[in-house]
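Given next are the chains, with one letter for each unit.
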4 protein chains.
Amino acid sequence: MSLNSFGHLFRVTTWGESHGPALGAVIDGCPPGVAIDESALQQWLDRRKPGQSKYTTQRREADEVEILSGVFEGKTTGTPIQLMIRNTDQRSKDYGDIAEKFRPGHADITYWQKYGIRDYRGGGRSSARETAARVAAGGVARAALDALAPGLSITGYMVQMGPHQIDRSRFDVAEIEQNPFWVPDAQAAEDWAGYLDGLRKSGDSTGAVIEVTAKGAPPGLGAPVYGKLDTDLAAAMMSINAVKGVEIGDGMAAAALTGSANADEITMGPDGPVYNSNHAGGILGGISTGQEIVVRFAVKPTSSILTPRKTITKTGEETEIVTKGRHDPCVGIRAVPVGEAMMACVLLDHLLLHRGQVGGAGGKIG
Amino acid sequence: MSLNSFGHLFRVTTWGESHGPALGAVIDGCPPGVAIDESALQQWLDRRKPGQSKYTTQRREADEVEILSGVFEGKTTGTPIQLMIRNTDQRSKDYGDIAEKFRPGHADITYWQKYGIRDYRGGGRSSARETAARVAAGGVARAALDALAPGLSITGYMVQMGPHQIDRSRFDVAEIEQNPFWVPDAQAAEDWAGYLDGLRKSGDSTGAVIEVTAKGAPPGLGAPVYGKLDTDLAAAMMSINAVKGVEIGDGMAAAALTGSANADEITMGPDGPVYNSNHAGGILGGISTGQEIVVRFAVKPTSSILTPRKTITKTGEETEIVTKGRHDPCVGIRAVPVGEAMMACVLLDHLLLHRGQVGGAGGKIG
Amino acid sequence: MSLNSFGHLFRVTTWGESHGPALGAVIDGCPPGVAIDESALQQWLDRRKPGQSKYTTQRREADEVEILSGVFEGKTTGTPIQLMIRNTDQRSKDYGDIAEKFRPGHADITYWQKYGIRDYRGGGRSSARETAARVAAGGVARAALDALAPGLSITGYMVQMGPHQIDRSRFDVAEIEQNPFWVPDAQAAEDWAGYLDGLRKSGDSTGAVIEVTAKGAPPGLGAPVYGKLDTDLAAAMMSINAVKGVEIGDGMAAAALTGSANADEITMGPDGPVYNSNHAGGILGGISTGQEIVVRFAVKPTSSILTPRKTITKTGEETEIVTKGRHDPCVGIRAVPVGEAMMACVLLDHLLLHRGQVGGAGGKIG
Amino acid sequence: MSLNSFGHLFRVTTWGESHGPALGAVIDGCPPGVAIDESALQQWLDRRKPGQSKYTTQRREADEVEILSGVFEGKTTGTPIQLMIRNTDQRSKDYGDIAEKFRPGHADITYWQKYGIRDYRGGGRSSARETAARVAAGGVARAALDALAPGLSITGYMVQMGPHQIDRSRFDVAEIEQNPFWVPDAQAAEDWAGYLDGLRKSGDSTGAVIEVTAKGAPPGLGAPVYGKLDTDLAAAMMSINAVKGVEIGDGMAAAALTGSANADEITMGPDGPVYNSNHAGGILGGISTGQEIVVRFAVKPTSSILTPRKTITKTGEETEIVTKGRHDPCVGIRAVPVGEAMMACVLLDHLLLHRGQVGGAGGKIG
């Protein structure tokens, strides 16, 4: 039971601190024979990498991943895969301020209270830098999914920044890669740029809502009742730094519906069941239906801001803190590839679990 | 790795189907010497028990719990505690309809697709009857918490039914036990009664939002980064039947805040840190701060309704279904004690984890 | 992480005490669609059941197993299977002596030192009665193996009682079921009867060595490096009450061999690799070779004897104890079906693990 | 559930292959505040390091360990500790022979059959080089034990090489570090040197038996019934390369004893219970008694020998193989520090587990 691990059969353990020599992930249980190399992983890391627009932290990290084990002649061997990313831009600055003061909204105070020791440099283990390891692991998961579930595609995007939501009538998946916010709405991208510029200049930050979907997942994934697909997705997303809420399908809005409005009616299509709607987000009783799987999560605003906030020191004195440094005005932006990576890992894990317990013996319809 | 289990050190495995002879929970890892007997557990089960008002299913189950192991002379021994609840009111009715047809919004179709076999009687394993086992386990967790964290109190209540939210200015904790909805707002209780009556008579149902809080939890609970307290709470709540969203603190609304508004400022009180607000819901970086822990979850409307819905049969024929029987018009009502039970189990688990890894060596402030 | 559980995907959790109302096992992760009923399990329990000859305890337990969940219309559903066995012959005798005194060789003193409370009646949780639950679970595993690995057969037998070993030149598998010792050597059975009678009459007991083999297991089972097949078998056997040693293949004797003598040479047969010997016991690098899997374990002599032994009381006073009651003069006899059950559970578990990670993608030879 | 991991709360995951760029261990769950640095770990690695005498492989590996995470200013932080050891002496030799042929006694054939791909260079993941990671992890465990259980000492030594056993009457713990075999018997050290020289020159190898003891472990460690201390020790030792048997206390010899001879009688000493003997090896019912904990394991002879052995190729052709290279004539020698490391990890793990579940609430005697 490692608490820095997730997944059942495709098990990912991450390690490393923001300002240590390196961080990474060791993956156990990957199927053998999956074609993988460093460049295949790098494409995903490059999406999360800092410093790519003025809307993300200006810390310069190459985020180059090294595969140290588990891959032989370009293929996974079924043994543990160690992925290491060197930290290269840990500026040798003075940490005196945050070494003594607890930054509000950060884990500084709780790590101290829990462990009696903390690596205060950049938040140490609690830094969002840890998510680089998730993205690397997600790259391995995607490669395995390509082999095991060929039609499956995973897409993440932002649907809300601060109080501003996208207009779903303008939803265009092709837009996602065209703007620095991963937003599928060109107009929103334009509007949000101005909004975020304003916040950034005023030394403030904002939150976001990310949606991640998976199309083409087979029915039957998920293991009731505590290894439900939605349970594992909720845990996966909630474990991402700064996430405060997770929704499946209609999510919190499901509470306001009537049963007749909420039930996704079923008809028969040429290839099996067809649903007239997808309030459930592709999951019933914790098991995938074969519909699109839809997860959303809310990221709180970056807590590292230039606006002074009241806090206390380790010795209990009241003071103020301003968090200088190179911070994302909306940390939610870089959470998009992280959410995709977690979706990939969870789906692969449940594919393997399903194959292990049930093999090809599931029920047919029609 | 049992997927019908949750918890790390305080590990609960539930078993049983809606219409089988019995269901229950086996708990492993409970501290020894905790005073417990069947009546202590029964008080919690009675809160979840069906048939207590016209707003819950009229199925008559005594939900009497038997302790079969792990307790000796009124105290836990540290060995597995088996809690068994006999099913007594499984009416010998004709299941022909739901044996062949998949009820929309239910797990009928996914269990079939996954396993190729399903116990269709009342939903089998996917029935919310499973939550009785959670409540029994939660009773054990509460007894252990009474010993280990004396000041801790857990309270669940409904904050939204269908589209109707409570008025927080009328919040009165004393009202919670005074109405059939566990709502801390007397006016809401009155209004909702009429709303739910109408739905029930029209053969429809509605959803709900439940909030569960824990006061008096010590700082330092939670184990980053995949065993975070909020991660485990999210998983625990999402695993409850019909839950579609989980929030910690401000939850999804955190996305709309600025960093300056969101950061809970810290000052120094006589007994340690004091926070000027609680947007974080008592958890920073996955670790409890010592503030009130606040979790909310949305329960979708009951899918078993008298309104006919389109569906298909096992052989792929299109048809309609009306789910007769004894169903809750708002299954969220009975989710309140379930949410409390999950909170109790998660907190106890993390208390034991913290004690195991850190002992009494946490950091002091001031 | 339940410490009263074993197995990875086929996960068995046992519960219950020697003199409580019942004991049992809950199995999670069993493949769906496996034909099983109570009589199929009973045949295995009847082999372990006490009171079947004068060489085992005279306690009269029917050891009737009830299936409380996870089986529907005679087939497993893929959900948890609860197997319960009522205790029926817990004589209401005076436990005063063992309540206060610690029996040497028993867990009385360690349970007390660990937990500060113990169910002293018959040893409580530490009683070998717990193994009835293992045998029931093993029956489920065997039924699943029948479906998944049709040619596989598991056989356990005694190869040593006290200082007396079998003569391997007289090995006859047909003899195993013909004598009360499960010994494949008719002459040994006769000799041992006299030896054990003598011990029994003198109020003493003796140990035994059990061998369990599996023929027809496919190559490829086992997951290096800490989930090796031999690692899991060693843990499974060592977890049985009174076991003090476990060997795979040549076991401890392998230390005395030279490398040239020990290496099982490989030639090519019509159906794949053929080994000229089996020093390895069918496992190389933690993975099955396809040869016969051979495990042995030593069971210490029954500690409950009529010979007075020195001990102390809870309050630290020195005293003597004579363990009256109905005890096995050689508890190893009834360990034979237990060892078989553990082998069945471990092999099924690894079949599922292998299917999960690798599917049908293993390497072919020739 | 990572199968390349062991431990419950102190959880070690190892990764890496014999001839890859590096190997290592990530440790999760280490208590915070433990003083540790690379030199503290290096002392243990140096004991296992190859090339230290003519009796171990002449491969030259510095086995220098780097701490990449989890340690800050010389102390553990409670977050994952990544320990990396670069492989530096992977000679760029021709692997053609072992790439196509399966070495008898090695995992070559089973890895191929399981995964359909294998890193054949030096055995890849199945190489005993993996044990360097265990020794590094064991160094961390020892540092934590120094803090948590100050009087505890762990000692490993060889008690048998090939057919030659030590003479226990000559047992002298001071001798262990004085000879290349870690043998506590000066005469045996001398005799074995000649024996092993002969084997080495003839291109053969031999097995060994290692004993590992722990003095000063508190009573109460171990968690029945599948997380018993002896169960976990058996698994830990059996998971070491080439181990074929594990014994606790009297081990296999316990089978030959009578109950009256086997029961360790208890008297009362000034500091608590005193046992008149230690047939049980310090463990009763899976829980430590406070006596010396005694484990033994048998290591089979090195399978890499210069004596030609029959085998087959991947394509199924019969052939012979001679394993050239730099191999240990008795791989058991270097298993001594590995066994010590596993003992340290298991004991620390159970100390944390016990603290988690029971705290200080165990039972007192007298």
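Quantities reported herein were computed from a predicted structural model and do not represent experimental measurements. (Residues numbered from 1 in each chain as written. Chains lettered and ligands numbered in written order. Predicted model: local features only at pLDDT ≥ 70, side-chain atom pairs only at ≥ 80, totals over all residues. Heavy atoms only, no water.)

Colleague: I'm lost on the overall build of chain A in this one. Help?
Modeller: Scanning chain A from terminus to terminus reveals eight helices and 18 strands. For chain A, whose C-alpha radius of gyration is 21 Å, the value lies close to the compact-globule estimate of 21 Å for 366 residues. Burial analysis of chain A (366 residues in total) assigns 70% to the buried set. When contacts within chain A are restricted to residue pairs at least 6 apart in sequence, long-range pairs at least 24 apart make up 70% of them. Summing over all exposed atoms, chain A offers an accessible surface of approximately 10,800 Å²; the carbon and sulfur share of this is 50%. Considering chain A, the positive charge centre built from 37 side chains and the negative charge centre built from 42 side chains are found 5 Å apart. (Helix = DSSP H or I, 4+ residues; strand = E, 2+ residues; numbered from the N terminus. Rg over C-alpha atoms; globule rule 2.2 N^0.38 Å. Buried < 20%, exposed > 50% of the residue type's maximum accessible area, 1.4 Å probe, protein only. Contact = heavy atoms within 4.5 Å. Areas by Shrake-Rupley, 256 points an atom, 1.4 Å probe, with all protein chains shown as cover. Lys, Arg positive; Asp, Glu negative; His and termini not counted. Charge placed at Lys NZ, Arg CZ, Asp CG, Glu CD.)

Colleague: Sorry if this is basic, but what is going on with the confidence of the model for chain A here?
Modeller: Parts of the model with low pLDDT should not have their predicted coordinates read in detail. Mean pLDDT over chain A stands at 94; residues scoring 70 or higher make up 97%. For this predicted complex, the interface confidence comes out at an ipTM of 0.97, alongside a pTM of 0.97. (pLDDT = per-residue confidence, 0-100.)

Colleague: Help me out: how do you make sense of the interface of chain B and chain A in this one?
Modeller: Interfaces are often sized by the amount of accessible area the parts lose when they come together. Listed as interface residues are 113 residues of chain B and, on the opposing side, 113 residues of chain A. Between chain B and chain A, roughly 8,900 Å² of surface is buried when both sides are summed, and carbon and sulfur atoms account for 61% of that area. Area buried by chain B at its contact with chain A is led by Lys114, Tyr226 and Lys244 of chain B, which between them contribute 10% of it. Joining chain B to chain A, the criterion identifies two salt bridges. For Glu265 of chain A, the salt bridge identified is with Arg309 of chain B, shortest N-O distance 3.6 Å. (Buried area = accessible area lost by both parts, 1.4 Å probe. Salt bridge = Lys/Arg side-chain N within 4 Å of Asp/Glu carboxyl O.)

Colleague: Just to check I follow, could you spell out the relation of the copies chain B and chain A for this structure?
Modeller: These two copies of the chain differ by a rotation about an axis and a displacement along the same axis. Mapping chain B onto chain A is achieved by rotating through 180 degrees and translating by 0.0 Å along the same axis, at an RMSD of 0.0 Å. Such a turn and shift between the copies fits a two-fold axis. (Least-squares fit on C-alpha atoms with pLDDT ≥ 70 in both.)

Colleague: Please clarify how the packing of helix α6 (residues 229-238) of chain B against helix α8 (residues 332-358) of chain B should be interpreted in this entry.
Modeller: Think of two packed helices as two axes; the pair is described by the angle between the axes and how far apart they sit. All names here are of chain B. Running from N to C, α6 and α8 point in directions that differ by 145 degrees, and their axes come no closer than 10 Å. Two packed elements cross with a definite hand, and for α6 against α8 that hand is right-handed. Contacts from Leu229, Asp232, Leu233, Ala236 and Met237 in α6 reach Gly339, Met342, Met343, Val346, Leu347 and His350 in α8. Residue composition of the contact of α6 with α8, grouped by class: eight nonpolar, two polar and one charged. (Axes fitted to C-alpha atoms, helices over the stretch in contact; angles between N-to-C directions. Left-handed = near helix turned anticlockwise from the far one by under 90°. Nonpolar A, V, L, I, M, F, W, Y, C, P; charged D, E, K, R; others polar.)

Colleague: In this structure, what is going on with the sheet that holds strand β1 (residues 5-6) of chain A? I would like to understand it.
Modeller: Hydrogen bonds between backbone groups are what pair the strands of a sheet, and the pairing can be parallel or antiparallel. Residues and elements named next belong to chain A. With antiparallel pairing, five strands are arranged side by side in an open sheet as β1-β2-β3-β7-β4. This sheet does not close on itself; its edge strands, each paired only once, are β1 and β4 (65-67). Sheet strands touched by helix α1 (residues 38-48): β4 and β7 (81-86). Its angle to β4, the strand with the most contacts, is close to 150 degrees. (Pairing = 2+ DSSP bridges.)

Colleague: Help me understand the pairing of strand β8 (residues 153-161) of chain D, please; the structure alone is not making it clear to me.
Modeller: Residues in a regular strand point their side chains to alternate faces of the sheet. Residue and element names in this part refer to chain D. Buried residues dominate β8, accounting for seven of its nine residues. Looking at chain direction, β8 and strand β10 (residues 208-215) are connected through eight bridges and run antiparallel. Across the sheet, the residue bridging to Gly156 is Val212, located in β10. In terms of strand pairing, β8 meets strand β9 (residues 164-165) through two bridges, oriented antiparallel. Directly across from Met161, in β9, lies its bridge partner His164. The turn joining β8 and β9, which pair antiparallel and follow one another in sequence, is formed by two residues; a positive phi near 55 degrees is taken by Gly162.

Colleague: Quick question: what am I supposed to make of the packing of helix α4 (residues 131-148) of chain D against helix α8 (residues 332-358) of chain D here?
Modeller: All names here are of chain D. Interaxial distance between α4 and α8 falls to 7 Å at its minimum, and their mutual angle equals 45 degrees. Judged by the angle between their axes, α4 and α8 are oblique. Remark: the crossing between α4 and α8 carries left-handed chirality. Of the residues in α8, those touching α4 at Thr131, Arg134, Val135, Ala137, Gly138, Ala141, Arg142, Ala144, Leu145 and Leu148 are Pro337, Val338, Glu340, Ala341, Met342, Ala344, Cys345, Leu347, Leu348, Leu351, Leu352 and Arg355. Taken together, the residues of the contact of α4 with α8 sort by class into 16 nonpolar, two polar and four charged. (Parallel < 35°, antiparallel > 145°, perpendicular 65-115°, else oblique.)

Colleague: When you look at the sheet that holds strand β3 (residues 22-28) of chain D in this model, what are you seeing that I'm missing?
Modeller: Residue and element names in this part refer to chain D. Reading across the sheet, the five strands line up as β1-β2-β3-β7-β4 and stay open at both edges, with antiparallel pairing between neighbours. At either margin of the open sheet sits one strand with a lone partner, and together these are β1 (5-6) and β4 (65-67). Judged from the three bridges that link them, β4 and strand β7 (residues 81-86) form a sheet pairing that is antiparallel. Within the sheet, the bridge partner assigned to Glu66 lies in β7 and is Met84. Each of β4 and β7 is contacted by helix α1 (residues 38-48), which is oriented at about 150 degrees to β4, the strand it contacts most. Its contacts with the sheet put α4 on β2 (11-16), β3, β4 and β7, and the angle it makes with β3 is roughly 35 degrees.

Colleague: How should α8 of chain D be read in this particular structure?
Modeller: Three or four residues apart is the spacing at which side chains of an α-helix point the same way, because the helix has 3.6 residues per turn. Residues and elements named next belong to chain D. End to end, α8 covers 38 Å across 27 residues, agreeing with the expected 39 Å (1.5 Å per residue, within 8%). Among the 27 residues of α8, 26 are classified as buried, and the element is accordingly described as predominantly covered. Where α8 terminates, the next one or two residues include Gly359, which has phi positive at roughly 60 degrees. (Expected span 1.5 Å × (residues − 1).)

Colleague: Which parts of the structure should I look at to understand the interface of chain C and chain D?
Modeller: Counting residues at the interface gives 113 residues for chain C, matched by 113 residues for chain D. In this assembly, chain C packs against chain D so that about 8,800 Å² is buried in total across both faces, 61% of it on carbon and sulfur atoms. On the surface where chain C and chain D come into contact, there are two salt bridges. Inspection of the region where chain C meets chain D yields 61 residue pairs in polar contact (both at pLDDT 80 or more). With seven residues, helix α3 (residues 108-115) of chain C is the largest single contributor of residues to the side of chain C that touches chain D. Here the residues of the side of chain C that touches chain D are counted per class, giving 53 nonpolar, 43 polar and 17 charged. The pairing of strand β11 (residues 243-248) of chain C with strand β11 (residues 243-248) of chain D spans three bridges and is antiparallel. (Polar contact = N/O pair within 3.5 Å; in protein donor to acceptor, adjacent residues only side chain to side chain.)

Colleague: Would you take a moment to explain the packing of aromatic side chains for this structure?
Modeller: Each aromatic ring pair is characterised by the separation of its centres together with the angle its planes make. What the rule picks out here adds up to 20 aromatic pairs over all chains. For the ring pair Tyr111 of chain B and Tyr115 of chain B, a centre distance of 5.7 Å and an interplane angle of 65 degrees mean the geometry is edge-to-face. Of this pair, Tyr111 of chain B and Tyr115 of chain B both sit in helix α3 (residues 108-115), four residues apart, which is roughly one turn of that helix. The exposure class of Tyr111 of chain B is buried, given its relative accessible area of 6%. When the ring centre of Tyr115 of chain C is taken as origin, the NZ or CZ atom of Lys114 of chain C, which lies over that ring, is 5.7 Å away. Cation over ring: Arg142 of chain C sits above Trp44 of chain C, and NZ or CZ is 3.8 Å from the ring centre. (Phe/Tyr/Trp six-rings, centres within 6.5 Å; stacked < 30°, edge-to-face > 60°. Lys NZ or Arg CZ within 6 Å of the ring centre and 35° of its normal.)

Colleague: Could you clarify how one ought to interpret the environment of Thr206 of chain B in this entry?
Modeller: Residue and element names in this part refer to chain B. By secondary structure assignment, the location of Thr206 is in the loop between α5 (186-201) and β10 (208-215). For the pair Thr206 and Thr131, spaced 75 residues apart in sequence, the C-alpha to C-alpha distance is 19 Å. In this structure the side chain of Thr206 is engaged in a polar contact, spanning 3.3 Å, whose partner is the side chain of Tyr195.

Colleague: In this structure, what is going on with the side chain of Ser18 of chain D? I would like to understand it.
Modeller: Residue and element names in this part refer to chain D. Along the chain, Ser18 falls in the loop between β2 and β3. Residue classification places Ser18 among the buried positions, given a relative accessible area of 2%. Within the local environment of Ser18, its side chain forms a polar contact with the side chain of His19, the two groups lying 2.7 Å apart.

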